[in-house]
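The lines below spell out each chain.
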Amino acid sequence: MKGYNFAYLDEQTKRMIRRSLLKAVAIPGHQVPFGSREIPLPYGWGTGGIQVTASILGAGDVLKVIDQGADDTTNAVSIRRFFARTAGIATTTATADATVIQTRHRIPETPLREDQIIVYQVPQPEPLFRLESSRVETKRMHGLADYGSMHVKLYEDIARFGQISISYDYPVMVNDRYLMSPSPIPAFDNPKMDMMPALQLFGAGREKRIYAIPPWTRVTSLDFQDHPFRTINAPYPCGLCGATDSYLDEVVTDDTGGRLYVCSDTDYCSRRRGAAE
Amino acid sequence: MTGPALLSARGLGLTFGTIPALADVDVDLWPSEMLAIVGESGSGKTTLLTVLSGRLKPDRGSVRYRDPDGHIHDVHAMPAPVLRRLHRSDWGFVHQDPRQNLRMAVSAGGNVGERLMAQGARHYGDIRAAALDWLGQVEIDAERIDDLPRTFSGGMLQRLQIARTLVTHPRLVFMDEPTGGLDVSVQARLLDLIRSLVSRPRIAVVLVTHDIAVARLLAHRIAVMQRGRIVETGLTDQVLDDPQHPYTQLLVSSVLSA
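Residues numbered from 1 in each chain as written. Chains lettered and ligands numbered in written order. Predicted model: local features only at pLDDT ≥ 70, side-chain atom pairs only at ≥ 80, totals over all residues. Heavy atoms only, no water.

When you go through chain B residue by residue, the secondary structure sums to 9 helices and 10 strands. Computed over the C-alpha atoms, the radius of gyration of chain B is 18 Å, within 12% of the 18 Å expected from 2.2 N^0.38 for a compact globule of 258 residues. By its C-alpha atoms, chain B is 55 × 45 × 40 Å across when sized along the principal axes. Within the span of chain B, comprising 258 residues, buried residues form 55% of the whole. (Helix = DSSP H or I, 4+ residues; strand = E, 2+ residues; numbered from the N terminus. Rg over C-alpha atoms; globule rule 2.2 N^0.38 Å. Buried < 20%, exposed > 50% of the residue type's maximum accessible area, 1.4 Å probe, protein only.)

What follows covers the domain arrangement of chain A. Residue and element names in this part refer to chain A. The assigned domain composition of chain A is domain 1 (11-221) and domain 2 (233-277). Using C-alpha coordinates to define each centre, domain 1 is positioned 25 Å away from domain 2. With 15 residues of domain 1 at the contact, the number on the domain 2 side is 11 residues. Summed over both sides, the interface of domain 1 with domain 2 buries roughly 940 Å², with 49% coming from carbon and sulfur. Per-residue buried area on domain 1 facing domain 2 is highest for Arg106, Glu109 and Phe188; these three make up 45% of the total on that side. (Domains from an automatic or database assignment. Contact = heavy atoms within 4.5 Å. Buried area = accessible area lost by both parts, 1.4 Å probe.)

One pass over the structure, following the stated rule, counts 13 aromatic pairs over all chains. Centre to centre, the rings of Phe202 of chain A and Tyr211 of chain A are 4.7 Å apart; their planes meet at 5 degrees, and the pair counts as stacked. As far as the burial class goes, Phe202 of chain A and Tyr211 of chain A line up, both buried. Pairwise contacts between aromatic rings join Tyr4, Tyr8, Phe82 and Phe83 of chain A into one cluster. Looking at Arg177 of chain A, its charged tip hangs above the ring of Tyr178 of chain A, at a distance of 4.3 Å from the centre. The positively charged end of Arg55 of chain B is found above the aromatic ring belonging to Phe93 of chain B, 4.4 Å away from the centroid. (Phe/Tyr/Trp six-rings, centres within 6.5 Å; stacked < 30°, edge-to-face > 60°. Lys NZ or Arg CZ within 6 Å of the ring centre and 35° of its normal.)

Looking now at unusual backbone geometry. Negative phi values dominate among residues other than glycine, just as trans dominates among peptide bonds. All names here are of chain A. Phi at Asp169 is positive, roughly 55 degrees, even though this residue is not glycine. Looking at the element boundaries, Asp169 is found in the loop between α5 (148-161) and β6 (172-174). Asp169 gets classed as partly exposed once you look at its relative accessible area, which sits at 24%. Residues other than glycine seldom take positive phi values, yet Lys208 does so here, at roughly 60 degrees. Along the chain, Lys208 falls in the loop between β8 (199-204) and β9 (209-213). Using a relative accessible area of 35% as the deciding quantity, one classes Lys208 as partly exposed.

Residues and elements named next belong to chain B. Extensive coverage of helix α1 (residues 45-52) is indicated by the burial of 6 of its 8 residues. Among all positions in α1, only Lys45, Thr47, Leu48, Leu49, Val51 and Leu52 are buried. Gly54, located one to two residues past α1, shows a positive phi value of around 80 degrees.

Residue and element names in this part refer to chain A. Its 14 residues place the ends of helix α3 (residues 74-87) 20 Å apart at the C-alpha level, agreeing with the 20 Å of an ideal helix rising 1.5 Å per residue. Along α3, the residues that are buried comprise Asn75, Ala76, Ile79, Arg80, Phe82, Phe83, Thr86 and Ala87. Here the buried residues of α3 occupy an arc of 155 degrees about the axis, which is enough to place them on one side. Away from the buried face of α3 by more than 90 degrees, exposed residues Thr74, Arg81 and Arg85 are located. If you follow the buried residues of α3, they end up packed against α2 (47-56), β2 (62-67), β3 (90-91), β4 (100-104) and β5 (117-121). Where α3 terminates, the next one or two residues include Gly88, which has phi positive at roughly 65 degrees. (Expected span 1.5 Å × (residues − 1). Arc of directions from axis to C-beta.)

Quick look at the sheet that holds strand β2 (residues 19-29) of chain B now. In a beta sheet, neighbouring strands pair by backbone hydrogen bonds and run either parallel or antiparallel. Residues and elements named next belong to chain B. Spatially, 4 strands are ordered β2-β1-β4-β5 in an open sheet, and the strand pairing comes out antiparallel. Each having just a single partner strand, β2 and β5 (72-74) make up the two edges of the open sheet. For this sheet the average axis-to-axis angle between neighbouring strands, irrespective of direction, equals 25 degrees. Relative to β2, strand β1 (residues 7-16) runs antiparallel, the two sharing 7 bridges. Bridge pairing in β2 links Leu7 to Leu29. Across the sheet, α1 touches β1, β2 and β4 (60-66), and the angle it forms with β1 is around 125 degrees. (Pairing = 2+ DSSP bridges. Axes fitted to C-alpha atoms, helices over the stretch in contact; angles between N-to-C directions.)

Here the focus is the interface of chain A and chain B. Taken together, the 20 residues of chain A in the interface contact 21 residues of chain B. Between chain A and chain B the total buried area reaches about 1800 Å² when both faces are included, carbon and sulfur atoms providing 58% of it. Considering only the side of chain A, the residues that lose the most area to chain B are Leu144, Val152 and Tyr155 of chain A, jointly responsible for 32% of the buried surface there. Across the contact surface, chain A and chain B share 3 salt bridges. Put simply, Arg84 of chain B and Asp146 of chain A hold a salt bridge, and the shortest N to O gap is 2.6 Å. In this assembly, chain A and chain B are joined by 11 residue pairs in polar contact (both at pLDDT 80 or more). Every element with two or more residues in the side of chain A that touches chain B is listed here: α4 (135-143) and α5 of chain A. Residue contributions to the side of chain A that touches chain B peak at 9 residues, all from α5 of chain A. For the side of chain A that touches chain B, the per-class residue count stands at 8 nonpolar, 5 polar and 7 charged. (Salt bridge = Lys/Arg side-chain N within 4 Å of Asp/Glu carboxyl O. Polar contact = N/O pair within 3.5 Å; in protein donor to acceptor, adjacent residues only side chain to side chain. Nonpolar A, V, L, I, M, F, W, Y, C, P; charged D, E, K, R; others polar.)

Below, the discussion takes up the pattern of salt bridges. This structure, assessed with the given rule, holds 31 salt bridges over all chains. The salt bridge involving Asp146 of chain B is made with Arg128 of chain B; its shortest N-O contact spans 3.1 Å. Taken together, the residues span a long stretch of sequence, with Asp146 of chain B in the loop between α4 (124-137) and α5 (154-166) and Arg128 of chain B in helix α4 at a distance of 18 residues. As a salt-bridge pair, Asp241 of chain B and Arg216 of chain B come within 3.3 Å of each other at their nearest N and O atoms. Residue Asp241 of chain B is located in helix α8 (residues 236-241), and its partner Arg216 of chain B is located in helix α7 (residues 212-218); the two are separated by 25 residues in the primary sequence. The class for Asp241 of chain B is exposed, based on a relative accessible area of 54%. Judged by relative accessible area, which is 39%, Arg216 of chain B ranks as partly exposed. Shared partners join several salt bridges into a network, and the residues in it are Glu137, Arg140 and Asp146 of chain A together with Arg84 and Arg88 of chain B.

If you want it as structure tokens, here you go:
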């Protein structure tokens, strides 16, 4: 596109972001500050993810963008078109065909490979922010690996509700060292982060933080020995493809209590239906 | 007073601007001993406590702590992670205002369990059992375990803070006016409780108080502070019954005898 640099951001900015990315990969789970730029998109719609994606895209890359697992929602379509126009790269909705996947709220059901990179959009990178409002103090807690207070939160959940009630953005320990927010993905997706072959990058535009999980890194969800971490999903098969192993969305179909449970990963669902026909 | 001291401070000096907060202060504390630091407001009692506990660095002098293995540590030369670990396991700190120490948005059980979880306890059932046990020891009804501290009375809050501090079985506890701000009958019960709790597992305590009666009831030894200096020190009964320093005489004579 005329008048714009490749993938919108200028080269100096990309270099700055890549330096932060390299540091983030070197210290898995550690939040690295970066000079977040203005992006023609409101905060909270993926400004951090867009900047990370822009910095790692090459001319031969194939981009997939998902929002809540779907390729066809406004946010996903807009970001995909944005890069198609500003970088002239190929885009896809097929998980297996993509080299870079930018995501909000989900990890695709199709297992990722070593030659792929997944970029998460992160609204709040600090897993301790509800417990400790001071950034100075949370940095100290990360520095000293002083994470006892996070377990107090889990204790409170069990005392009040009989179970850990965090259903998304479930805190994880990365490489047995840093406590990390996995971004608002459902707890259902947490096990996919553990020992994932693909590189995982996280960008928080408003909060100006980047963090990363290198391939094949241990990621464990916090829990108690007698209340182990478990995933929660609707107890139905997908109403369209019949899958029992994928994360389901609940869709209200009428005003008389009709419900349809469908895969939130639209690519996974349509691929299964295509194979069945 | 046999064997080596648990905590020993030598030549502590600290000034805030031109105000001398501490001057030439020497303190020794032996295992399972309760030392009271008394004096009027502004005499440097609380400053001494924060310096002894490593939270404030003195201009001069040093504080040495002997760990369970017999190693001597300079409290102010310790790396921050080590000092922090010490503060949440081997040491405890009881504030005058329990709200400074407690998490007001977390249930009583969570408050008591926090230090255990910070130490790495990861078994919910065990943590809850320990919390119940400690609530019982500080005479808080087991039914209140899931209640928020903001529904507790002042005396209960203070007892909850003590349970939260003692749950890790510390060897050394710093107490800053633990009975301040409570009415007299609640104070008396709390003092009884503190005395029984710290005597059983043999905890050493440094207690700061302006209340001579509290010191007489709890402390084995007493140190009297005036303008940042320790002017008199000795066994509690000895100092209070036969005060030598004019300031101590004034302090003792100003107490109404019951």
